[in-house]
Amino acid sequence: MPETATRSHVLVIDDEPNIRDLVQAALRFHGFSVSTAETGGEGLAMARDRHPDLILLDVLLPDISGFDVCRRLRDSGDDVPVIYLTARDTPSDTVTGLSLGGDDYVTKPFSVEALIARVHALLRRARRDDGAAEADRAEQGVLRVDDLELNERTWTVRRAGVAIELSPTEFRLLAYLMSNAGQVLTRAQLLENVWGWDYAGQSQIVETYISYLRRKLDPLGPALIHTQRGVGYALRTRDQG
């Protein structure tokens, strides 16, 4: 059985019927769904409408070049993987095609099996990149210090895997301390950045909320919030002391 492609959709843009039909048949045999276009304009319209997972793109098309098709895709924000199919194999052509946003370059005549292998490899790489991007997005807004984790997107706090319930003010104070971990923050800085100017001069509120946080955090591990006498407070890891 051929390697499964999990029904990835490939758009083939080529004005040569024999190449188009050959590539389409090979892709379908290997489990892909396939759309075909004969011109650059038709291919751009199909890319917008069908959102393929990958495009096989002839460079020499009757209306606009494959290079221009790729450039227009990238200008519109479409980062679909693109493999050029072309008889032009000069270094300058390769550099031009890749600099315009293409991902790979296959020279005609080509081995169909080698082309399919390139398609599989590029799709695997695209899936890995998508997974990494999703992980990066998930990590945005997550603060970690030692075994303490605060997620600003879900408004949750955990220490040593244990969920901690915080009031909105406690949450903002902890987030600011964690964002500046290792630094001594003055009472004035904390008042300005957590409570705002309305509380200027009321330093007692800082001590009160620091005490609230310690009561909730300290039972789960070594103390993380430290007092710098006469200055303010710092959230430090165990190694920082």
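Residues numbered from 1 in each chain as written. Predicted model: local features only at pLDDT ≥ 70, side-chain atom pairs only at ≥ 80, totals over all residues. Heavy atoms only, no water.

**Student:** Explain unusual backbone geometry here, please?
**Tutor:** Excluding glycine, most residues fall at negative phi; most peptide bonds, likewise, are trans. Pro109 follows Lys108 through a cis peptide bond whose omega is -10 degrees. Its place among the elements puts Pro109 in the loop between β5 (104-107) and α5 (112-139). One non-glycine residue with positive phi stands out, namely Asp146, at about 55 degrees. Inspection of the secondary structure puts Asp146 in the loop between β6 (142-145) and β7 (148-151). (Helix = DSSP H or I, 4+ residues; strand = E, 2+ residues; numbered from the N terminus.)

**Student:** Even after reading the chapter, I still don't get the nonpolar core, so can you show me in this structure?
**Tutor:** Judged by nonpolar contacts, the single largest core of 29 residues is most densely connected at Leu173, Leu174, Leu177 and Leu235. Looking at which element gives the most residues to this core, the answer is helix α6 (residues 168-179), with seven residues. Residues Val12, Val23, Val119 and Leu122 belong to the second largest nonpolar core, which totals 20 residues. (Core = buried A, V, L, I, M, F, W, Y, C linked by side-chain atoms within 4.5 Å. Buried < 20%, exposed > 50% of the residue type's maximum accessible area, 1.4 Å probe, protein only.)

**Student:** How should I be thinking about the UniProt feature "modified residue: 4-aspartylphosphate" (unreviewed entry) in the protein in this particular structure?
**Tutor:** Under the present numbering, the feature "modified residue: 4-aspartylphosphate" (unreviewed entry) in UniProt falls on Asp58. Tracing the backbone shows Asp58 in strand β3 (residues 54-58). The class for Asp58 is buried, based on a relative accessible area of 3%. (UniProt positions renumbered as here; feature names shortened; annotations may be inferred.)

**Student:** Just checking my understanding: could you explain the environment of Asp147 for this structure?
**Tutor:** Take Asp147: it is sitting in the loop between β6 and β7. Look at Asp147 and you get partly exposed, because its relative accessible area is 22%. Reaching out from Asp147, the side chain makes a polar contact with the side chain of Arg159 at a distance of 2.9 Å. (Polar contact = N/O pair within 3.5 Å; in protein donor to acceptor, adjacent residues only side chain to side chain.)

**Student:** When you look at the packing of helix α2 (residues 40-50) against helix α3 (residues 66-75) in this model, what are you seeing that I'm missing?
**Tutor:** The relative placement of two packed helices is expressed as an angle between their axes plus a distance between the axes. The contact between α2 and α3 brings their axes to 10 Å, and the two run at 30 degrees. Between α2 and α3, the angle is such that the two are roughly parallel. The two elements α2 and α3 meet at a crossing, and its hand is right-handed. Mapping the contact onto sequence places Gly40, Leu44 and Ala47 in α2 and Val69, Arg72 and Leu73 in α3. Classifying every residue of the contact of α2 with α3 gives four nonpolar, one polar and one charged. (Axes fitted to C-alpha atoms, helices over the stretch in contact; angles between N-to-C directions. Parallel < 35°, antiparallel > 145°, perpendicular 65-115°, else oblique. Left-handed = near helix turned anticlockwise from the far one by under 90°. Contact = heavy atoms within 4.5 Å. Nonpolar A, V, L, I, M, F, W, Y, C, P; charged D, E, K, R; others polar.)

**Student:** Is there a simple way to think about the sheet that holds strand β11 (residues 225-228) in this case?
**Tutor:** Pairing between the strands of a sheet comes from backbone hydrogen bonds, and it takes one of two forms, parallel or antiparallel. Taken in spatial order, the three strands line up as β10-β12-β11 in an open sheet, and their pairing is antiparallel. Whereas interior strands pair on both sides, the edge strands pair on one side only; in this sheet they are β10 (185-186) and β11. Direction of pairing for β11 relative to strand β12 (residues 232-235): antiparallel, over a ladder of four bridges. Note that in β12 the partner of Ile225 across the bridge is Leu235. Of the strands in this sheet, β10, β11 and β12 touch α6, which is tilted by about 70 degrees from β12. (Pairing = 2+ DSSP bridges.)

**Student:** What should I look at first to understand the pattern of salt bridges in this one?
**Tutor:** Oppositely charged side chains can form a pair if their charged atoms are brought close together. Applying the stated criterion across every chain, the model contains 13 salt bridges. The partner of Lys108 in a salt bridge is Asp14, with the nearest N and O atoms 3.0 Å apart. Of this pair, Lys108 sits in the loop between β5 and α5 while Asp14 sits in the loop between β1 (9-13) and α1 (17-29), placing them 94 residues apart in sequence. Note on Lys108: relative accessible area 14%, which makes it buried. Taken together, the salt bridges that share partners define one network made up of Asp14, Glu16, Asp58 and Lys108. (Salt bridge = Lys/Arg side-chain N within 4 Å of Asp/Glu carboxyl O.)

**Student:** In this structure, what is going on with the side chain of Lys108? I would like to understand it.
**Tutor:** A polar contact of 3.0 Å, which involves the side chain of Lys108, links it to the side chain of Glu16. A polar contact is formed between the side chain of Lys108 and the side chain of Asp58, at a distance of 3.2 Å. Apart from the residues lying within four places of it in its own chain, the contact partners of Lys108 are Asp14, Glu16, Ile19, Asp58, Leu85, Thr86 and Ala87.

**Student:** I keep staring at the packing of aromatic side chains and nothing clicks. Help me out?
**Tutor:** The geometry of an aromatic ring pair is captured by the separation of the ring centres together with the interplanar angle, meaning the angle of the planes. If you walk through the whole model with that rule in mind, you get four aromatic pairs. Geometrically, the ring pair formed by Tyr84 and Tyr105 is tilted, given 5.6 Å between the ring centres and 55 degrees between the ring planes. One end of the pair, Tyr84, is in strand β4 (residues 82-86); the other, Tyr105, is in strand β5, with 21 residues separating them in the sequence. The class of Tyr84 is buried, set by a relative accessible area of 0%. (Phe/Tyr/Trp six-rings, centres within 6.5 Å; stacked < 30°, edge-to-face > 60°.)

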